[in-house]
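The chain contents come next:
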Amino acid sequence: MSFEFFLKEAWTGFRRAGVMSLVSLVIITVSLTVFGTFLLAIFNLGTMVSSVGSKMEVAAYVDKQIDDYTGNTLMLELSKIEGVEKVKFIHRDEAWAAFKKDYEGRLELGDIVKENPLPNAFVIKVKSPDLVAIVAKKVSNMPQIDEVRFSGNLADRLNKLLEAVRLAGFILVTLLIMATLLIVVNTIRLTVLSRQTDIYIMKLVGATNSFIKWPFILEGIIIGVAGSCVSVIILKFSYDLVSSRIAAALPFIPLITSKAALFWIYSGVAALGILLGIIGAYISVNAQLKESV
Amino acid sequence: MIALTSVSKVYPNGVEALSGVDLYIGKEEFLFVVGPTGSGKSTLLKMLYREELPTSGQVSVDRINIGELKPAQVPFLRRNIGVVFQDYKLLPLRTVYENVAFALRVLGASRTQIRRQTTQVLDLVGLLKKANCLPGELSGGEQQRTCIARAIVNNPPLLIADEPTGNLDPATSWEIIQLLDKINKRHTTVIVATHNKAIVDGMRKRVIALESGRIIRDQQLGVYSNVL
């Protein structure tokens, strides 16, 4: 009964504030979309960084087939290098199987490559990041090793990028949240002002303050929910589009595609929208109620 | 029922609206408050439902000291007081029925309770046939009846009317006062602030005369003015 009453009052308020309601809806949508974009960027960069691997690894490749004996000797030699913590051997067949499994359905490798093109690999774990380059140099000087790669630089740069995106996102989102709050506060204030008589009458006949507040808070929730819906739809469609393009063009870039992960990101966006609506309405209605009897 | 003890009110702009007012009003009394504009009538009434607080002195309604009431308790005081205004203060986009029902609705009354009490009170004020009209479609007297219906729909023991006939012609004014008298006879205390000499003289009820914030006369079966 009461809830029905509140909802009707809130909807009337939303409609009467007209243009202002629309403006706050647009602003809240824009803020949420930017927030969601940063969230998606940060999470994707995060997975990229972790897939590029720990910064403290060096990979050494041996192209030709090696028997167990040479393999073991090499491993022993590698682990003797100063600064090396652990060495792991990955046989080329093992790597090939893993690779095929990874790209199953995305690339029809079997059609293109019949034979295993991958080398044998030693993954060398180094004790500290600053030793990576030195260890890599030493390993590359060994005659049996054909090629050395270490992801230190790339991981480092990705990490720096991630930090920068996080910081920029944080600043931008904070500013947008403040702007959004301001707009929502003003929108609700318009409704409150246009309903001074209603509020006065409610107070005189003995309605409690919390009762009077509800329709306005609900109006804030309506704005928040509407903004969230629009922004999640925008985010979902653009992310699906962009990520499918990237997956097609650059299949080795690991993107978040898991439905559950995306669901949580979108839920976060929606929750923020509703929260902004509630907080904005609360601030506004509290300020206004204090002024009246 | 109502007791004011050396009540004074000075507004922030320095105007002294009431000074040293002592007044006792018993249960089920009918009381006129008269006096020129600016004599403090409205301030006196507003203190009873705590729209204003006294600068000094004590106001108590039903033995409750209003000055000590916490903000959260104020709504419960007001549920026991009906207020009628000169300008009616009706919600223009709601029908007569909705305006009256609104007062019950914000108190969380049930649907059946709202329907029963609203219908009863509209019958009492003679507006049952106009229940579905908007305030704009009513005459001044009918709008005032709606305002009265809203004020008494939850049966408060006290009804306060500030210039209820201020905007009405003499015949309609008389009808409104008759209605207030009828409500008084149903065991409701009624306090009416008014300028209307004919009505006060015609009713012969208790009269309090205010001048510059002081009570200059308190008379049973009184008249508007002793000076002829």
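Residues numbered from 1 in each chain as written. Chains lettered and ligands numbered in written order. Predicted model: local features only at pLDDT ≥ 70, side-chain atom pairs only at ≥ 80, totals over all residues. Heavy atoms only, no water.

In terms of regular secondary structure, chain A is built from 10 helices and four strands. Secondary structure elements in chain A, listed N-terminal to C-terminal, are α-α-β-α-β-α-α-β-α-β-α-α-α-α. Counting across all 293 residues of chain A, residues that qualify as buried make up 40%. Expressed as a percentage of contacts within chain A between residues at least 6 apart in sequence, the contacts between residues at least 24 apart total 87%. Surface exposure of chain A reaches about 16200 Å², of which carbon and sulfur atoms provide 67%. (Helix = DSSP H or I, 4+ residues; strand = E, 2+ residues; numbered from the N terminus. Buried < 20%, exposed > 50% of the residue type's maximum accessible area, 1.4 Å probe, protein only. Contact = heavy atoms within 4.5 Å. Areas by Shrake-Rupley, 256 points an atom, 1.4 Å probe, with all protein chains shown as cover.)

In this structure the tally under the stated criterion is 14 salt bridges over all chains. Between R94 of chain B and D198 of chain A there is a salt bridge whose closest N-O contact spans 3.5 Å. Residue R94 of chain B is located in the loop between β6 (81-84) and α3 (96-105), and its partner D198 of chain A is located in helix α8 (residues 196-204); the two belong to separate chains. On the accessibility criterion, R94 of chain B (14% relative accessible area) is buried. Take D198 of chain A: its relative accessible area is 9%, and that puts it in the buried class. For K197 of chain B, the salt bridge goes to D201 of chain B, with nearest N and O atoms at 2.7 Å. Highlighted residues: K197 of chain B and D201 of chain B, both in helix α7 (residues 197-203), separated by four residues, approximately one helical turn. What you see here is one network of salt bridges that share partners, running through E29, R206 and D218 of chain B. (Salt bridge = Lys/Arg side-chain N within 4 Å of Asp/Glu carboxyl O.)

This part takes up the interface of chain A and chain B. With 19 residues of chain A at the contact, the number on the chain B side is 22 residues. Along the contact surface separating chain A from chain B lie one salt bridge. Counting the contacts that link chain A with chain B gives four residue pairs in polar contact (both at pLDDT 80 or more). For the side of chain A that touches chain B, the secondary-structure elements that each account for two or more residues are α1 (2-16) and α8 of chain A. Considering every element that reaches the side of chain A that touches chain B, the biggest residue donor is α8 of chain A, with seven residues. Here the side of chain A that touches chain B is built from residues that sort into 10 nonpolar, three polar and six charged. (Polar contact = N/O pair within 3.5 Å; in protein donor to acceptor, adjacent residues only side chain to side chain. Nonpolar A, V, L, I, M, F, W, Y, C, P; charged D, E, K, R; others polar.)

The next subject is the packing of α3 of chain B against helix α4 (residues 111-124) of chain B. All names here are of chain B. At a minimum axis distance of 9 Å, the contact between α3 and α4 shows a crossing angle of 125 degrees. With respect to α4, the element α3 is oriented oblique. Judged by the sense of rotation from one axis to the other, the crossing of α3 with α4 is right-handed. Contacts from V96, Y97, V100, A101, L104 and R105 in α3 reach Q113, I114, R115, Q117, T118, T119, V121 and L122 in α4. (Axes fitted to C-alpha atoms, helices over the stretch in contact; angles between N-to-C directions. Parallel < 35°, antiparallel > 145°, perpendicular 65-115°, else oblique. Left-handed = near helix turned anticlockwise from the far one by under 90°.)

On the surface, a cluster of nonpolar side chains totalling about 550 Å² of accessible area is made up of L167, F170, I171, L175 and M178 of chain A. Structurally, I171 of chain A can be placed in helix α7 (residues 152-194). (Patch = residues over 30% accessible without salt bridge, like charges linked within 9 Å, V, L, I, M, F, W, Y side chains within 5 Å.)

On to helix α6 (residues 132-140) of chain A. For α6 of chain A, the complete set of buried residues consists of V132, V135, A136 and V139 of chain A. One side of α6 of chain A holds all its buried residues, which, seen down the axis, span an arc of 100 degrees. (Arc of directions from axis to C-beta.)

Residue and element names in this part refer to chain B. The strand order β6-β7-β8-β3-β9-β10 describes an open sheet built from six strands, whose pairing is mixed. The open sheet has two free edges, formed respectively by β6 and β10 (214-219), since each of these has just one partner strand. Strand after strand, the sheet turns through a mean of 15 degrees between neighbouring axes, direction not considered. Looking at chain direction, strand β9 (residues 206-211) and β10 are connected through five bridges and run antiparallel. (Pairing = 2+ DSSP bridges.)

Here the focus is the confidence of the model for chain A. The predicted structure's coordinates, where accompanied by low pLDDT, should not be read in detail. Within chain A, residue pLDDT values average 80, and 89% of them lie at 70 or more. The weakest mean pLDDT in chain A belongs to helix α5 (residues 109-112) of chain A at 64; the strongest belongs to helix α9 (residues 209-249) of chain A at 88. (pLDDT = per-residue confidence, 0-100.)

This brings us to empty space enclosed by the protein. Where empty space is left becomes clear once a probe the size of a water molecule has been rolled over the atoms. All told, the structure shown has two cavities of 30 Å³ or more when counted by the stated rule. The computed volume of the largest cavity comes to approximately 110 Å³. Lining the largest cavity are 14 residues, and of these L204 and V205 of chain A together with V83, R150 and A151 of chain B lie nearest its centre. Those elements that place two or more of their residues in the lining of the largest cavity are α8 of chain A together with β6 and α5 (140-152) of chain B. When residues in the lining of the largest cavity are grouped by element, the largest group, three residues, is from β6 of chain B. Class assignment of the residues belonging to the lining of the largest cavity gives a composition of nine nonpolar, two polar and three charged. Each pocket or cavity is described by its volume, and for the second largest cavity that value is around 30 Å³. If one sorts the elements of the lining of the second largest cavity by residue count, helix α1 (residues 41-48) of chain B sits on top with three residues. Counted by class, the lining of the second largest cavity contains four nonpolar, one polar and two charged residues. (1 Å grid on protein atoms, 1.4 Å probe; cavity = no way out; pocket = protein on both sides within 12 Å on 5 of 7 lines; lining within 4 Å. Points joined across faces, edges and corners; volume = space filled by probe spheres on them.)

One finds I2, L4, F32, L180 and I191 of chain B to be the most contacted residues of the largest nonpolar core, which totals 116 residues. Setting aside residues up to four positions removed in sequence, L4 of chain B forms contacts with V21, D22, L23, L44, L48, Q58 and V59 of chain B. One finds V58, I66, V126 and V139 of chain A within the second-largest nonpolar core, a separate group that totals 18 residues. (Core = buried A, V, L, I, M, F, W, Y, C linked by side-chain atoms within 4.5 Å.)

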